[in-house]
Amino acid sequence: MVAAADARNYARRMGIVRSMVVQELGWDNDTDDEIRADVEETIGTGMVDDETDHVVDVVQLWWRLGDGDLANDLTDVVAPLSDTGVIWVLTPGTGKPGHVDPSEIAEEANAAGLASVAAVNLGAWSGNRLVRPENPREQR
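Remember, predicted model here, so these are calculated numbers, not experimental data.

Comments concerning the packing of helix α4 (residues 70-77) against helix α5 (residues 102-111)
- Packing of α4 against α5 leaves a shortest axis separation of 8 Å and a crossing angle of 55°. Taken together, the axes of α4 and α5 are oblique relative to one another. Of the two elements, α4 crosses α5, and the hand of that crossing is right-handed. Along the contact surface, α4 presents Leu-70, Ala-71 and Leu-74, while α5 presents Ile-105, Glu-108, Ala-109 and Ala-111.
- Looking at the contact of α4 with α5 residue by residue, the classes come out as six nonpolar, no polar and one charged.

Concerning the nonpolar core
- One finds Val-59, Leu-61, Leu-74, Ile-87, Val-89, Leu-114 and Leu-130 to be the most contacted residues of the largest nonpolar core, which totals 19 residues.
- Of all the secondary structure elements, the ones that give two or more residues to this core are β2 (56-62), α4, β3 (81-92) and α5.
- Those residues in contact with Leu-114, other than ones at most four positions away along the chain, are Leu-74, Val-78, Ile-87, Ala-109, Leu-130, Val-131, Arg-132 and Pro-133.
- Counting residues in hydrophobic clusters, the runner-up holds 17 residues, among them Val-39, Ile-43, Trp-62 and Leu-122.

A look at α4
- Along α4, the positions that sit buried rather than exposed are Leu-70, Ala-71, Leu-74 and Val-77. Down the axis, α4 shows its buried residues gathered within 125° of arc, on one side only.
- In this structure, the buried side of α4 is in contact with β1 (22-25), β2, β3, α5 and β5 (125-131).
- Structurally, the start of α4 carries an N-cap: the backbone nitrogen of Ala-71 is 3.1 Å from a side-chain oxygen of Asp-69.

What counts, and where the lines are drawn
Within any chain, residue numbers begin from 1 and follow the written order of that chain's sequence. The predicted origin of the model limits local features to residues at a pLDDT of at least 70 and limits the giving and counting of side-chain atom pairs to 80 or more, whereas totals for whole chains, interfaces and linings rest on all residues. Side-chain metrics rest on all non-hydrogen atoms present in the structure, leaving aside hydrogens and water. Every axis in this analysis is a line fitted to C-alpha atoms, fitted for helices over the stretch in contact. Angles between the N-to-C directions lie between 0 and 180 degrees. Note on conventions: DSSP H or I runs of at least 4 residues are helices, E runs of at least 2 residues are strands, and numbering of each starts at the N terminus. Here the word oblique covers every angle except those under 35 degrees (roughly parallel), over 145 (roughly antiparallel) and from 65 to 115 (roughly perpendicular). Left-handed describes a crossing in which the near helix is turned anticlockwise from the far one by less than a right angle; the clockwise case is right-handed. Throughout, a residue-residue contact means that at least one pair of heavy atoms, one from each residue, lies within 4.5 Å. Residue polarity is assigned by list, with Asp, Glu, Lys and Arg as charged and Ala, Val, Leu, Ile, Met, Phe, Trp, Tyr, Cys and Pro as nonpolar; anything else, Gly included, falls into the polar class. Residue types Ala, Val, Leu, Ile, Met, Phe, Trp, Tyr and Cys, when buried and joined through side-chain atoms within 4.5 Å, form a set referred to as a nonpolar core. Only protein chains enter the accessibility calculation, which uses a 1.4 Å probe; a residue is then buried when its area is under 20% of its type maximum, exposed when over 50%, and partly exposed in between. Throughout, the arc means the angular range of directions from the helix axis out to the C-beta atoms. Whenever a nitrogen or oxygen atom comes within 3.5 Å of another N or O atom, the pair is scored as a polar contact, on the condition that within protein one atom can donate a hydrogen and the other can accept it, and that pairs from neighbouring residues in sequence are kept only if both atoms are in side chains.

This is the structure we're talking about:
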């Protein structure tokens, strides 16, 4: 039972629950296998990749400084998202090689038509939650 007590609960911090479809992008040998394993254990299956034809609930995008144009990539990853779907941009933590400042992520998200609404610490990685802004006209 010690393992359960020591669990990091990364998926729960990101609002990921069983049966969600999670798309993982930007995986490389530097990504955190504990985060990946916790997400897959929580959803009860493996994550899908960029070649999926599923509608997804969450996009988990591993991103590092120098990975390219974040705004363009965010624009591309919105396509498979469900209406209530979210994007988590995971970047190396402060002081780590490849770290991206949250303000830069928010700026790039805005350029892609998204809003940065939350940030969480995920061990050696930081997570920034991005969503589509609500349309006030649709709320009437």
